[in-house]
Amino acid sequence: MDGNIEEAKSKSILVTGGAGYIGSHTTLQLLLGGYRVAVIDNLDNSCEEAIQRVAQLAGKYGGNLTFHQADLRDKEALEKVFSVEKFDAVIHFAGLKAVGESVAKPLLYYNNNIVGTLNLLEVMIAHDCKKLVFSSSATVYGQPKEVPCTEDFPLCAVNPYGRTKLFIEEICCDAQRADPEWKIMLLRYFNPVGAHPSGIIGEDPRGIPNNLMPFVQQVAVGRRPELTVFGTDYKTKDGTGVRDYIHVMDLSDGHIAALSKLFETNDIGCEVYNLGSGRGTSVLEMVAAFEKASGKKIPLKFVDRRPGDSETVYASTEKAEKELNWKAQYGIEKMCRDQWNWSEKNPWGYRSPETTD
Ligand code: NAD
Ligand code: WQD
């Protein structure tokens with residue numbers, strides 16, 4: 001570990017979207033691993049408090065974190081960030097991610113996610129920084145015909161958000177084909193949940209949560225009366241949808257593994273890895289685990305399936321295990337314990353009832 005820290009000390013990483021849910025946890029793990037980190041975020045779906053808490057949790061490494069409030073669509077602002085510091089690699093989390101919103105506002109999603117990424121890649125080239133880790137998603141498997149999903153499955157997007165991920169994957173691969181100096185890791189996350197075990201940082205979505213666990217969490221702390229369960233007639237163990245939940249700390253460590261591989265291996269082109277646990281859990285199993293962890297009853301309302309939802313999705317983790325030497329450690333009990341710890345300590349996330357929408 002000390003050897004790794006020594007090596008990391010000389011490395012500087014730019015984290016786009018580092019104030020957000022996955023970005024804040026990964027930034028912390030990078031700092032603790034000895035990396036210097038610059039975060040760029042427009043705070044569209046996050047707040048600066050998250051950055052301050054990451055610095056606090058990083059202790060003696062907190063001084064290695066800098067923050068730039070800027071939008072990736074503002075190329076001049078990006079140029080400025082790159083002109084004050086030389087980065088060894090970029091981890092690119094910044095993007096909009098709400099599926100429903102992407103259907104209602106597709107141009108916003110194409111503009112934010114794709115234009116933002118194009119600017120980033122162009123500025124990286126201009127500053128000769130050609131190592132990239134990109135946040136892709138299991139959404140690129142569409143509604144998979146079988147499980148577990150392996151990286152070579154056919155890809156398809158079923159909404160504009162998913163299409164931005166698919167397009168960006170292809171843009172990255174094209175850029176790498178045209179210039180083999182690029183080394184790119186496309187990481188397809190499954191369903192990230194949980195929080196840092198301290199309960200000091202966690203997920204704090206704006207508005208009504210789209211995803212299952214943030215919603216469950218808000219019911220548990222009394223912000224919402226009940227959880228709506230979408231679909232009870234799937235051909236699964238209890239009729240509800242099955243997903244691959246992965247602890248956000250495991251996911252963060254997956255990024256460190258991917259980054260290490262980028263630095264250590266010469267013949268990386270544009271590689272894709274699933275980051276999941278490899279296990280399928282139903283909605284009702286997840287709710288039961290959260291009730292057990294929190295001691296709170298989650299009232300349920302059963303309704304029809306949510307349009308566009310798949311029945312069962314989980315990852316094949318073989319490739320990441322073999323090539324990144326990374327494997328998720330935590331089960332759903334720990335995910336729910338840490339999520340509850342975060343929400344009990346921060347029922348309004350980083351904000352207060354007055355400042356929460
Ligand atoms: P998040 O919304 O918490 O974090 C994204 C961050 O990016 C936010 O802090 C937001 O303010 C920032 N941002 C958005 N657009 C920006 C722009 N144009 N310029 C600068 N900053 C911008 O989301 P997250 O859950 O941490 O997700 C991180 C990444 O992982 C996203 O790209 C998302 O699509 C992807 N992903 C997330 C999940 C999930 O379920 N959470 C699953 C698969 C993939
Ligand atoms: C999980 C399960 C729902 C909410 C989405 C995106 C995907 C990726 C991860 C970014 C499903 C059920 C949910 C609720 C429910 N994000 N559910 N009541 O749909 O697997 O994936 O997030 O890339 O792109 O599509 O995650 O958390 O929304 O749903 O019953 O209030 O919980 O039907 O079975 P999903 P989710």
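Just so it is clear, the structure is predicted and the values come from calculations on it, not from any experiment.

Let us look at unusual backbone geometry. In this structure, the amide linkage connecting V147 to the following residue, P148, adopts the cis form with an omega of 0 degrees. The residue P148 is located in the loop between β5 (131-137) and α7 (160-178) in this model. With phi around 60 degrees, L43 is a residue other than glycine that occupies positive phi space. Mapped onto the elements, L43 comes out in the loop between β2 (36-41) and α3 (48-57). Even without being glycine, N325 reaches a positive phi, approximately 60 degrees. Within the secondary structure layout, N325 lies in the loop between α11 (318-324) and α12 (332-345). Note on N325: relative accessible area 72%, which makes it exposed.

With that settled, the discussion passes to the packing of helix α8 (residues 212-220) against helix α10 (residues 283-294). In the contact formed by α8 and α10, the axes pass within 11 Å of each other and the chain directions differ by 40 degrees. Relative to α10, the element α8 is oriented oblique. The chirality of how α8 crosses α10 is right-handed. Contacts from L212, M213, V216, Q217 and A220 of α8 reach α10 at V283, M286, V287 and F290.

Any two side chains of opposite charge can pair, given that their charged atoms come close. On inspection of all chains with the given rule, the structure shows 18 salt bridges. A salt bridge links R351 to D204; its shortest N-O distance comes to 3.0 Å. Highlighted residues: R351 in the segment after α12 and D204 in the loop between β7 (191-193) and α8, separated in sequence by 147 residues. With respect to class, R351 is no different from D204; both count as buried. With its nearest N and O atoms 2.7 Å apart, the salt bridge here joins E271 to K319. Remark: K319 occurs in helix α11 and E271 occurs in strand β11 (residues 270-275); sequence separation between them is 48 residues.

Bringing the site of ligand 2 into the picture now. Taken together, 18 residues lie near ligand 2, and S137, Y161, T228, R243 and D309 sit nearest. The contact in question runs from an oxygen atom of ligand 2 to an N or O atom on the side chain of N211, over 2.9 Å. Between ligand 2 and the protein, one listed contact pairs an oxygen atom with a side-chain N or O atom of R243 at 2.5 Å. Against a free-state accessible area of 680 Å², the protein chains account for coverage of 87% of ligand 2. Per-element accounting of the shell around ligand 2 gives the leading share, four residues, to strand β8 (residues 227-230). Residue composition of the shell around ligand 2, by class: eight nonpolar, seven polar and three charged.

Packing of helix α4 (residues 75-84) against helix α6 (residues 106-126) leaves a shortest axis separation of 10 Å and a crossing angle of 35 degrees. As for the relative orientation of α4 and α6, their crossing is right-handed in sense. Two secondary-structure elements touch here, α4 through K75, L78, E79 and F82 and α6 through N119, L120, E122, V123, M124 and A126. A per-class count over the contact of α4 with α6 returns six nonpolar, one polar and three charged.

One pass over the full model with this rule turns up six aromatic pairs. Between Y141 and F153, the aromatic rings sit 6.0 Å apart at their centres with planes inclined by 85 degrees, giving edge-to-face as the arrangement. With Y141 in the loop between β5 and α7 and F153 in the loop between β5 and α7, the pair connects residues that are 12 residues apart, well separated along the chain. Given a relative accessible area of 3%, Y141 falls into the buried group. For F153, a relative accessible area of 16% gives the class buried.

What counts, and where the lines are drawn
Residues numbered from 1 in each chain as written. Chains lettered and ligands numbered in written order. Predicted model: local features only at pLDDT ≥ 70, side-chain atom pairs only at ≥ 80, totals over all residues. Heavy atoms only, no water. Helix = DSSP H or I, 4+ residues; strand = E, 2+ residues; numbered from the N terminus. Buried < 20%, exposed > 50% of the residue type's maximum accessible area, 1.4 Å probe, protein only. Axes fitted to C-alpha atoms, helices over the stretch in contact; angles between N-to-C directions. Parallel < 35°, antiparallel > 145°, perpendicular 65-115°, else oblique. Left-handed = near helix turned anticlockwise from the far one by under 90°. Contact = heavy atoms within 4.5 Å. Salt bridge = Lys/Arg side-chain N within 4 Å of Asp/Glu carboxyl O. Near = heavy atom within 4 Å. Polar contact = N/O pair within 3.5 Å; in protein donor to acceptor, adjacent residues only side chain to side chain. Areas by Shrake-Rupley, 256 points an atom, 1.4 Å probe, with all protein chains shown as cover. Nonpolar A, V, L, I, M, F, W, Y, C, P; charged D, E, K, R; others polar. Phe/Tyr/Trp six-rings, centres within 6.5 Å; stacked < 30°, edge-to-face > 60°.

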